[in-house]
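Single-letter residue listing:
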Amino acid sequence: MHDPLEPLEPPSSVNETDQFTIEVVDIFGSSPIRPTVAITIRTLDVYRQSHRVTPRFSIHAEAKMLCFLHGVYYRRHLAEQLRISYDVYLQLHRRIDHRLDKVLGHDSDNWRMLNSCPACQYKLTDEPPLEFSILCACDGNNSAKLVDPAIRGGQERLDTRIGTSSIWLNESYVDAFKDEVRSARARQARDQCPARDPDDPWVDEPDSVDSAELRTVCVDRWRNAAPESQKKMFAIFKKSGIFITVCRHGFLLTICDMVRSGELMKYPIASVKKLMDVFGSNILYGYDIKLPKRLNVQGVVPAFHGHAHNRLCQLQHHSKHKLGAGLEDFETCEQVFSESNALASEIRNATEFHRHQALDEHFHFADMDRYAALSDFIFNNYVQALTSISTTTTFLANFHASNPTLDTDFDGDLEDERLFLQRLATKKDESSVEIDYFGQLNLRPNYSPKDAGNVRRRHTHAATKRDQKVDVVVDYERQMALDARWGPDHPEHVKAQSRITNHLYHKAVDDVERLVVMRLLELTKLQMSGLGYKLRTQISTTLKSRATAIRNALTRYNKYTSQLNPPRPPLQWEQIVDYSFLAEFDLLRETGTEIQTKRWANPSYRHASTQHLVHQRAKEEICRLNVEVGRLCTKIRDDALDYPRAIAQLELDNPPLAAHLQCRWQWLRSANGRHLWHIDQILWLPGYSGPMSPGTREGWQYEADEGEGDEDALSRQLQDVHTYMEGLDHHCVDLELAE
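As the structure is a computational prediction, the values presented were derived from the model and not from experiment.

Student: Would you take a moment to explain the pairing of strand E4 (residues 134-141) for this structure?
Tutor: When a strand is regular, its side chains alternate between the sheet's two faces. Among the eight residues in E4, eight count as buried, and that is most of the element. Across the two faces of E4 the burial is the same, with Ile134, Cys136, Cys138 and Gly140 and Leu135, Ala137, Asp139 and Asn141 all buried. Where E4 meets strand E9 (residues 283-286), four bridges bridge the pair, whose relative direction is parallel. Bridged to Ala137 within E9 is Gly286. Looking at chain direction, E4 and strand E7 (residues 237-247) are connected through six bridges and run antiparallel. Note on E7: the bridge partner recorded for Gly140 is Phe243.

Student: Looking at this structure, how should I read the packing of helix H15 (residues 374-402) against helix H25 (residues 603-653)?
Tutor: A pair of packed helices is characterised by two quantities: the angle between their axes and the separation of those axes. H25 packs onto H15 with a crossing angle of 150 degrees between their chain directions and a minimal axis gap of 8 Å. Put simply, H15 runs roughly antiparallel to H25. For the crossing formed where H15 meets H25, the hand is left-handed. For the contact of H15 with H25, the residue count by class is 17 nonpolar, eleven polar and three charged.

Student: Would you take a moment to explain the packing of aromatic side chains for this structure?
Tutor: Geometrically, a pair of aromatic rings is defined through the distance of the ring centres and the angle of the planes. Counted under the stated rule, the structure contains twelve aromatic pairs. Each ring, one from Tyr643 and one from Trp665, has its centre 5.2 Å from the other, and the planes form 10 degrees; the classification is stacked. Taken together, the residues span a long stretch of sequence, with Tyr643 in helix H25 and Trp665 in helix H26 (residues 655-683) at a distance of 22 residues. The two residues Tyr643 and Trp665 agree in class, both being buried. Counting every residue linked through ring pairs, the aromatic cluster contains Tyr47, Phe57, Tyr86 and Tyr89. Residue placement shows Lys145 over the ring face of Phe237; its charged tip is 5.4 Å from the ring centre.

Conventions and cut-offs
- Residues numbered from 1 in each chain as written.
- Predicted model: local features only at pLDDT ≥ 70, side-chain atom pairs only at ≥ 80, totals over all residues.
- Heavy atoms only, no water.
- Buried < 20%, exposed > 50% of the residue type's maximum accessible area, 1.4 Å probe, protein only.
- Helix = DSSP H or I, 4+ residues; strand = E, 2+ residues; numbered from the N terminus.
- Pairing = 2+ DSSP bridges.
- Axes fitted to C-alpha atoms, helices over the stretch in contact; angles between N-to-C directions.
- Parallel < 35°, antiparallel > 145°, perpendicular 65-115°, else oblique.
- Left-handed = near helix turned anticlockwise from the far one by under 90°.
- Nonpolar A, V, L, I, M, F, W, Y, C, P; charged D, E, K, R; others polar.
- Phe/Tyr/Trp six-rings, centres within 6.5 Å; stacked < 30°, edge-to-face > 60°.
- Lys NZ or Arg CZ within 6 Å of the ring centre and 35° of its normal.

This is the structure we're talking about:
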């Protein structure tokens with residue numbers, strides 16, 4: 001086998017041609033005609049796997065490493081030649097995989113979407129029904145940008161190769177949904193927007209929120225927190241990122257490019273519509289904002305984003321309040337992006353083909369990794385759910401014992417809270433004319449002691465100011481059609497004074513909330529990896545000053561609580577430091593007497609209600625995990641039947657292709673060994689209530705061998721599966737030692 005990156009000497013005579021051909025059987029040339037550099041297949045195999053586990057390891061780094069190993073001075077064209085050979089190598093693997101998929105029957109439309117995750121999609125006959133067939137998450141990521149070739153030096157050569165697989169959504173499919181979110185309010189906002197500065201690199205996007213939905217504080221917070229989502233990208237980027245949907249186990253379901261734009265609504269709509277076409281409408285998606293109602297699909301807000309949503313939004317859309325969501329947090333996309341972000345430096349200045357190729361390779365191997373860790377996911381979630389059930393059961397039992405006379409109806413109280421907050425949200429703001437009029441009633445000019453000594457010298461000026469103030473008061477009285485001026489004891493005067501006190505109280509609440517949020521963000525930033533010493537020191541110093549600011553804000557808050565009618569209980573530092581959801585501040589803002597009589601406004605009862613929700617979601621999680629255990633176990637059994645049969649057939653028809661399928665089966669068999677060991681651990685968990693043996697996949701039929709009856713063939717195949725599982729004992733022993 002020829003050394004990588006070593007120049008090849010062509011045959012000097014016709015007699016040497018055969019020998020030359022034998023020498024280059026296991027290498028790829030960098031040119032189809034008279035190559036001068038060739039790369040061994042083994043080298044390309046090693047680079048592919050190295051790049052898989054370390055996406056930052058680029059083709060240039062590989063070329064430099066090989067040059068160093070073989071004592072060759074690195075030149076840039078060697079990396080380009082390595083890239084050419086690598087493209088041929090990957091294309092060869094794609095063709096081999098395509099032929100293997102045909103042999104295994106994996107070449108039907110949307111096969112990858114329908115079979116990527118056995119726990120979600122390997123449906124069995126007679127399995128318990130689930131509230132939602134699939135739980136998925138979708139989100140955009142702007143790290144996978146592509147710089148427009150037009151702004152780079154040189155001229156890009158036309159490359160018609162396609163680097164995407166069947167799971168990608170093309171631009172034409174996504175653009176078909178670009179007008180789905182247009183509304184009269186969006187057009188009005190666009191028409192009323194001021195003229196744009198031609199030097200401003202940002203362009204505002206039209207409003208993408210469904211006009212049928214009330215605009216809430218959550219929508220404004222989402223827009224303010226992510227300006228890229230409502231504005232077009234810089235013109236230098238041809239592709240501004242990717243938008244993906246993944247199942248709850250992290251397997252990729254759809255992916256598409258975000259083209260010269262931020263995270264527009266057409267991307268989630270197109271992705272969810274594709275899922276509905278393939279899986280039906282009985283899916284539950286997690287996304288930062290709600291999709292239009294006309295899609296007729298249910299969604300929730302991911303658990304992490306719940307920190308920034310008010311209480312009403314959480315009651316309606318948070319995952320912990322959604323029946324059938326289980327303990328899923330719908331933050332899987334963030335985990336996926338934490339791995340794919342390592343590709344950013346490599347693909348940003350690549351060609352469009354190589355960008356797609358790198359992303360497709362990354363997600364293909366990521367799915368393999370997630371399959372290998374699937375039983376770990378199920379096992380850990382099962383343990384978490386059982387622990388949550390045990391903990392919440394004990395807590396609720398103690399709560400009922402300590403409150404024997406309390407009639408607890410957590411579900412009913414949550415519904416009552418939701419209706420109460422809805423009424424508050426739809427209540428129209430009262431006119432501010434009365435407040436402005438009240439502010440002008442004090443006709444005495446407010447002078448300082450120094451100014452008061454100069455009143456006589458400035459009598460004329462003071463009288464003029466007073467007359468102007470009287471004119472303003474008279475104008476307000478004319479607008480309000482008042483017969484007499486309000487005195488200190490006038491009911492409206494007292495009411496306006498109360499409203500001003502409430503306004504100051506709300507401002508104090510806002511100040512406390514703002515400072516607490518800043519503290520939470522700084523605490524989160526402080527624990528991130530990759531921060532330098534100076535930045536950590538600066539954040540620590542800021543946290544100390546932030547604590548002082550929060551204490552001062554608490555003092556102002558408690559000052560105004562005593563002025564309310566009726567007074568609100570004061571807020572202590574110990575309570576504030578435990579606040580992790582902004583929804584807690586929504587109850588502080590309400591100054592009416594009605595909310596103080598509500599049972600769900602009591603802190604201890606609210607905590608018990610939260611434990612009740614966790615208990616319900618944990619029970620739903622157990623039901624879903626029981627189904628997933630049966631599906632995975634059946635998938636392992638079916639693999640043990642399908643792959644050996646296909647390999648045996650290929651050894652007769654195409655031995656080289658059978659060798660490739662044997663390599664695929666070797667890896668799958670090893671991963672299944674890990675799964676069997678974990679499934680055995682799950683079966684022995686105290687509280688396990690799922691299936692104890694494999695089932696039958698929907699539409700699955702056992703094929704009887706020629707000359708054998710169906711029952712005999714089934715018995716023989718089941719015996720083969722049993723023998724296969726026994727043959728994996730050495731994997732289980734290794735795993736036990738590793739644990």
